[in-house]
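Secondary and tertiary structure notes
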Amino acid sequence: MRNYYKYLLILPGVLFLTIFMLVPIGMTIISTFFPNEAAADTSNYASLFRDSYFLEILWTTLRVSIVTTIICMVIGFPTAYFIARMSAKMKAVLLILTIFPLLTSPVVRSFSWMVIIGRNGLVNEALMGIGIIQEPLEILYTPTAVIIGLVHLFLPLTIITLVGVMESIESDLLTAAASLGASRVGVFTKVVLPLCVPGLVIGGILVFVGSFTAYTTPALLGGQQRVLSTLLYQNANTLNDWHMASILAAIMIVVTFIVITCMNLLANKLNPRR
Amino acid sequence: MREKHIGLGIFTFLVFVFLLGPLVIISVTSFEQGTVLRFPPESFSLEWYKNIFEVSGFLETFKVSIYLSLAGNLLALLIGIPAAYALNRFDFKGKALLEGIFVSPIIIPGIVLGFTFLRFFITYYQLPIYAGLFIGHTVIMLPFIIRVVSSSLANFDFSIEEAAVSLGASRIGTFFKVVLPNIKSGIIAGVLIAFLESFNNVDISVFMTGPGVSTLPIEMLTYVQNYFDPTIAALSVVLMVITALFMFFVERLLGLSYFTKR
């Protein structure tokens, strides 16, 4: 009796996600291995990876995601370190200021950058006003604009993840290291940093996967510069090439799962507590 | 030792300028009177706030987004609370796999979910667009409900439940009278978080708009791609106020630790 009861509670959720998520996703991936009956289209994985237009977009997407991840880590780490060492009250204020943009609509956040780096935006107005440049800089609708937008999108996530990790480091550990003669720099590099490595790896996965698959930011700030997600959308909605869109979807899922699996293994391996 | 902190402090300050500056700038430009976004604004007016109501799509899709979030939340609660309860209360075979399935809507890229929903819900299952939007939004809300409710249940002492049952209360009665009141704040916080997740969603909704069917973020996205006036800035301010209120309540219910724990 008890056995049925517990499965009964979980059944609606499992059925719901199976019918409305697992089956659609599974069928979409399977369909990519069969040629499209709608004749005209002959795209498959082999031809796709020889197509220079696709390879260029794939490369741009990877480059943008990697650069975004690195910038988020480099900026986020010291910021999180500073926040984690603040008094409880100050820490709460800074965390609230970090979480607020995280919860704000991505459309709003991308739009704010259009106002700043647009052709007639603040940056250009200011630079031309002082006379540093004569012609407006073309920042909006370039990969650089997408990177700026993505860093703005994912930096809050990076910071709060790292603050969480740093808070879990017992202060006794730092006191012990210091009392045993470690310098301030020594405590940081020999104790704090190694303990943060798993957090950095996990934060890194979140930012990389998020940037690799983000749609709103490249759609608004990238202009004609496509990335995988905007290419998928274009194929699905504008070109009506669902076979191609399915292939792109499958590539995104596979990359996401490979990255997450590898990084999880790596995070476990690098964890000095093990 | 002190000086090092000052350097780091300045660095952190600049990071916050980067994070919040753009939001402050659009808030300020929303009060500009002219048709061009200017900073600092040269005049003050609430004209663009009025314009939010005059652009036909915004009010309409605002309602759609709210209904969608509420309806999706309701279904996600009905499915999610029993699942979260079972996952925390009992041990069974394949538990890790089930937990994996329940968080997978967060891991699978949103744009991929959106496309497969379009392909299957609308074309294959022949659902109307609104039904597709409703189910799609429920899928992405479910993990947030399950996560927040699970963390509330993790703090709940199930021996209280056993005591009620051994004193003769029915299992279902015990759930509603003993368990549910104890995880109430977790449920409310879960609803708020899931609401924002759905209300701000672009990746799924963008595939399921049709003639006369759209959500607020999609309407804004289309507007921004075609026009460039302070209406969107004004609307952004309205959304930021809503976000701030939601955040305030979540903080009250769960504390900031909800956000920092992974």
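Parameters at a glance
Residues numbered from 1 in each chain as written. Chains lettered and ligands numbered in written order. Predicted model: local features only at pLDDT ≥ 70, side-chain atom pairs only at ≥ 80, totals over all residues. Heavy atoms only, no water. UniProt positions renumbered as here; feature names shortened; annotations may be inferred. Helix = DSSP H or I, 4+ residues; strand = E, 2+ residues; numbered from the N terminus. Buried < 20%, exposed > 50% of the residue type's maximum accessible area, 1.4 Å probe, protein only. Contact = heavy atoms within 4.5 Å. Buried area = accessible area lost by both parts, 1.4 Å probe. Salt bridge = Lys/Arg side-chain N within 4 Å of Asp/Glu carboxyl O. Polar contact = N/O pair within 3.5 Å; in protein donor to acceptor, adjacent residues only side chain to side chain. Nonpolar A, V, L, I, M, F, W, Y, C, P; charged D, E, K, R; others polar.

An unreviewed UniProt entry lists chain B under the name Spermidine/putrescine ABC transporter ATP-binding protein, with Terribacillus saccharophilus as the source organism. The record held by UniProt for chain B lists under Sequence similarities (unreviewed entry) the comment "Belongs to the binding-protein-dependent transport system permease family."

All names here are of chain B. Topologically, Ser150 is positioned in helix H6 (residues 129-154). Given a relative accessible area of 16%, Ser150 falls into the buried group. The contacts of Ser150, once residues within four sequence positions are left out, are Ala84 and Asn88.

Time to look at the UniProt feature "transmembrane region" (unreviewed entry) in chain B. Residues and elements named next belong to chain B. The feature "transmembrane region" (unreviewed entry), as given by UniProt, occupies residues 7-31, 66-88, 100-122, 128-149, 175-196 and 232-254 in the numbering adopted here. Spanning residues 66-88, this segment combines 100% helix with 0% strand, and its end C-alpha atoms are found 31 Å apart. Secondary structure across residues 175-196 comprises 95% helix and 0% strand; the distance between its end C-alpha atoms is 28 Å.

This part covers the interface of chain A and chain B. At the interface, 84 residues of chain A touch 81 residues of chain B. Buried area between chain A and chain B, both sides added, is near 7,600 Å², and the carbon and sulfur share of it is 82%. The interface formed by chain A and chain B contains zero salt bridges. Between the two partners, chain A and chain B, sit six residue pairs in polar contact (both at pLDDT 80 or more). Considering every element that reaches the side of chain A that touches chain B, the biggest residue donor is helix H1 (residues 2-31) of chain A, with 21 residues. Taken together, the residues of the side of chain A that touches chain B break down into 62 nonpolar, 17 polar and five charged.

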